[in-house]
Amino acid sequence: MGSQQMLGIENVLFTVAMLLYFASMIAYFAFIAAKKDGIAKAAFLIQIAGFVLHTAALVCRGIGAGRLPLTNQYEFATSFAWGLCLVCLVFVWRYHFQVLGAFSAPVIFLIIGYAAMQSKEVKELMPALRSNWLGFHVSTAIIAYGAFGVSFVLSIIFLLRDRMQDQSFMGRHVPGKEKLDMISYRSVALGLLFLTFTILTGAIWAERAWGSYWSWDPKETWSFVTWIVYAVYLHLRLRKGWKGKSAAIFAVIGFICVMFTYVGVNNLLPGMHSYG
């Protein structure tokens, strides 16, 4: 099967996956409105189906392009949505927390929608990207961003938790604030671990591609700013016992930094990372 055929299949799978993510989002909203657990299970299964097809689309993209699908705005955006969905599914399954899926689904759909607006054209890689470090560097960034996205959603739920009466449907389906805080902390810790790998592999790659481990490129700078924000979060939590509302707000600020590092830097502060 030729590369153009694989890219054609990828386009179909991507479209169907995006529609399934949308359907999952609607189903999660219906779960909250109708207050029926069966709808939540259906929404979760639809999201899994979307994730499976999304994974297949990324595989087809890689085969069709003849490389890892991680080198431009479209490829990173769709991979970002994939990573967020992966972490979300794991946390929903691990903690039996369907409402997390309801809050995460719109974020996943917005990111994959952003990907759909980007150019899908496959271009020849620039010399700097022809490296085995590409897979290590970008894949760790995808998991990091996905984990930070989940921590953002958990923090939003935490900040809204006081408005949910314990005897209400939402109150029964949303963990207490202490557990929400703990899950968010674990998500941040996972994200910071992978962001550290992202920065380290990026530095090694940069030295081999450009002869310098660090050049204060806008993307490098804002990645470092994001790392500092989340490192401060963990430091205050572990050394000062910092929890609760302040920690949730800090996690929201951290994700704003993540989104600026990805979207803002790419569009407002061009540099050596402008291709990704």
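This section reports on the structure supplied with the text.

Procedures and definitions
- Every chain's residues receive numbers from 1 upward, in the order its sequence appears when written.
- Note on the predicted model: pLDDT of at least 70 is required for a residue's local features to be given, and 80 or more for side-chain atom pairs to be given and counted; whole-chain, interface and lining totals, by contrast, use all residues.
- Each side-chain value is derived from all of the structure's non-hydrogen atoms; neither hydrogens nor water enter the calculation.
- The helix and strand labels rest on DSSP assignments: H or I over at least four residues marks a helix, E over at least two residues marks a strand, and numbering proceeds from the N terminus.
- The criterion used for residue contact is that any of the two residues' heavy atoms lie within 4.5 Å.
- Method for areas: the Shrake-Rupley scheme with a 1.4 Å probe, in which residue coverage is limited to the protein chains shown.
- By definition, a salt bridge exists where a carboxyl oxygen of Asp or Glu is found within 4 Å of a side-chain nitrogen of Lys or Arg.
- Burial classes follow relative accessibility: with a 1.4 Å probe on protein chains only, a residue under 20% of its type's maximum area counts as buried, one over 50% as exposed, and anything between as partly exposed.
- We call a set of buried Ala, Val, Leu, Ile, Met, Phe, Trp, Tyr and Cys residues a nonpolar core when their side-chain atoms join them within 4.5 Å.
- Stacked, tilted and edge-to-face are the three classes applied to pairs of Phe, Tyr and Trp rings, where Trp contributes its six-membered ring and a pair requires centres within 6.5 Å; stacked means planes under 30 degrees apart, edge-to-face means over 60, and tilted covers the rest.
- In this scheme, Lys NZ or Arg CZ marks a charge over a ring once it lies within 6 Å of the ring centre and within 35 degrees of the ring normal.

Regarding its fold elements, the protein presents nine helices and zero strands. Going from N to C terminus, the protein has its helices and strands arranged as α-α-α-α-α-α-α-α-α. For the protein, the proportion of contacts with a sequence separation of at least 24, taken over those separated by at least 6, is 79%. Carbon and sulfur atoms form 67% of the exposed surface of the protein, whose accessible area is close to 12800 Å².

As a further point, take the pattern of salt bridges. Applying the stated criterion across every chain, the model contains three salt bridges. Among the salt bridges present, the one from Glu10 reaches Arg61, with a minimum N-O distance of 3.9 Å. In this pair, Glu10 is assigned in helix 1 (residues 3-34) and Arg61 in helix 2 (residues 37-65), connecting sequence segments 51 residues apart. Residue Glu10 shares its accessibility class with Arg61, and that shared class is buried. A salt bridge links Arg237 to Asp181; the nearest nitrogen and oxygen atoms lie 2.7 Å apart.

This part is about the nonpolar core. Ranked by size, the top nonpolar core spans 72 residues in total, and within it Phe76, Phe97, Leu100 and Val150 carry the most contacts. Looking at this core, the elements with two or more residues in it are helix 1, helix 2, helix 3 (73-95), helix 4 (98-116), helix 5 (133-160), helix 7 (177-210), helix 8 (218-240) and helix 9 (245-268). Setting aside residues up to four positions removed in sequence, Phe97 forms contacts with Val92, Leu154, Ile157, His173, Val174, Pro175 and Leu180.

Turning to the packing of aromatic side chains, a few remarks are in order. A ring pair, where both rings are aromatic, is described by two values, the distance of the centres and the angle of the planes. This structure, assessed with the given rule, holds twelve aromatic pairs. Ring plane angle 85 degrees and centroid distance 5.7 Å describe the contact between Phe76 and Tyr145, whose orientation is recorded as edge-to-face. Remark: Tyr145 occurs in helix 5 and Phe76 occurs in helix 3; sequence separation between them is 69 residues. Judged by centre distance (5.8 Å) and plane angle (45 degrees), the ring pair of Phe91 and Tyr95 falls under tilted. Of this pair, Phe91 and Tyr95 both sit in helix 3, four residues apart, which is roughly one turn of the helix. The burial state of Phe91 is the same as that of Tyr95; both residues are buried. An aromatic cluster is defined as three or more aromatic residues linked by ring pairs; in this entry it consists of Phe76, Phe80 and Tyr145. In this arrangement the basic side chain of Arg94 is found over the ring face of Tyr95, its NZ or CZ atom lying 5.0 Å from the centre.

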